[in-house]
Amino acid sequence: QVQLVESGGGLVQAGGSLRLSCTSSGSSFRFNTMGWYRQAPGKQRELVASITREGSTAYTGSVKDRFTISRDNAKNTVWLQMNSLKPEDTAAYYCNAKFPWGSEYWGQGTQVTVSS
């Protein structure tokens, strides 16, 4: 069973930075595509950033040039570096893992709150 554990959320002022971490307990981390999603109250969950096992990255337009996703397969860890945070970034952030054989796993979420 794959378990994803997120950390790094918190309360920050607008313009500040946070780094979210997600560590997997599984043995096949190097085969997956990792993503960070976020969901604010009353809004649909959205994909923020993703990174393939080869290191190819993609970002939603609202965070491009502010957020950076990275991974270290040897550490079974993916990070989301968030800079220049805005109040609209406030949401619960979820780590997601997708495997080529169809399995998908979610972390429990970590709250990011950005004050104005």
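The shown structure was predicted, so the numbers you read here are calculated from the model rather than taken from an experiment.

J.: A description of the sheet that holds strand β7 (residues 67-72) should follow, citing residues and the corresponding values.
T.: Read across the open sheet, the four strands follow the order β1-β3-β8-β7; overall the sheet is antiparallel. The strands lining the two open edges of the sheet, one partner per strand, are β1 (4-7) and β7. Pairs of neighbouring strands in the sheet enclose a mean axial angle of 15 degrees, with direction left out of account. Looking at chain direction, strand β3 (residues 18-24) and strand β8 (residues 77-82) are connected through six bridges and run antiparallel. What sits directly across from Thr23, in β8, is Thr77.

J.: Let's hear about unusual backbone geometry: which residues, and what values?
T.: One non-glycine residue with positive phi stands out, namely Asp65, at about 80 degrees. Positionally, Asp65 belongs in the loop between β6 (57-59) and β7. A residue is classified by how much of its surface remains accessible, and Asp65, at 77% relative accessible area, is exposed. For Ser84, which is not glycine, the phi torsion reads 50 degrees and is therefore positive. Position of Ser84 among the secondary structure elements: in the loop between β8 and β9 (91-98). A residue is classified by how much of its surface remains accessible, and Ser84, at 40% relative accessible area, is partly exposed.

J.: For the side chain of Arg38, give the residues involved together with the corresponding values.
T.: Secondary-structure assignment places Arg38 in strand β4 (residues 33-39). Note on Arg38: relative accessible area 6%, which makes it buried. Within the structure, Arg38 has its side chain in polar contact with the side chain of Glu46 (distance 2.7 Å). One polar contact links Arg38 to Ser62, side chain to side chain, over a distance of 3.4 Å. Apart from the residues lying within four places of it in its own chain, the contact partners of Arg38 are Gln44, Arg45, Glu46, Val48, Ser62, Val63, Phe67, Glu88, Asp89, Ala91, Ala92 and Tyr93.

Conventions used here
Counting of residues starts from 1 at the beginning of each chain's written sequence and follows it residue by residue. Reporting of local features is limited, given that this is a predicted model, to residues whose pLDDT is at least 70; pairs of side-chain atoms are given and counted only at 80 or more, and all residues count toward the totals for whole chains, interfaces and linings. To obtain the side-chain values, all non-hydrogen atoms of the structure were included, while hydrogens and water were left out. When DSSP finds two or more bridges between a pair of strands, those strands are recorded as paired. Secondary structure elements are defined from DSSP: runs of H or I of at least 4 residues count as helices, runs of E of at least 2 residues count as strands, and each element is numbered from the N terminus. Orientation is described by axes fitted as lines to C-alpha atoms, over the contacting stretch for helices, and by angles from 0 to 180 degrees between their N-to-C directions. The buried label goes to any residue with under 20% of its type's maximum accessible area, the exposed label to any with over 50%, and the partly exposed label to all in between, with areas taken from a 1.4 Å probe on protein chains only. We call two N or O atoms a polar contact when they sit within 3.5 Å, provided that within protein one can donate a hydrogen and the other can accept it, with sequence-adjacent residues counted only if both atoms are side-chain atoms. Two residues form a contact once any of their heavy atoms are found within 4.5 Å.

Such coordinate-based values are descriptive only and should not be taken to indicate function.
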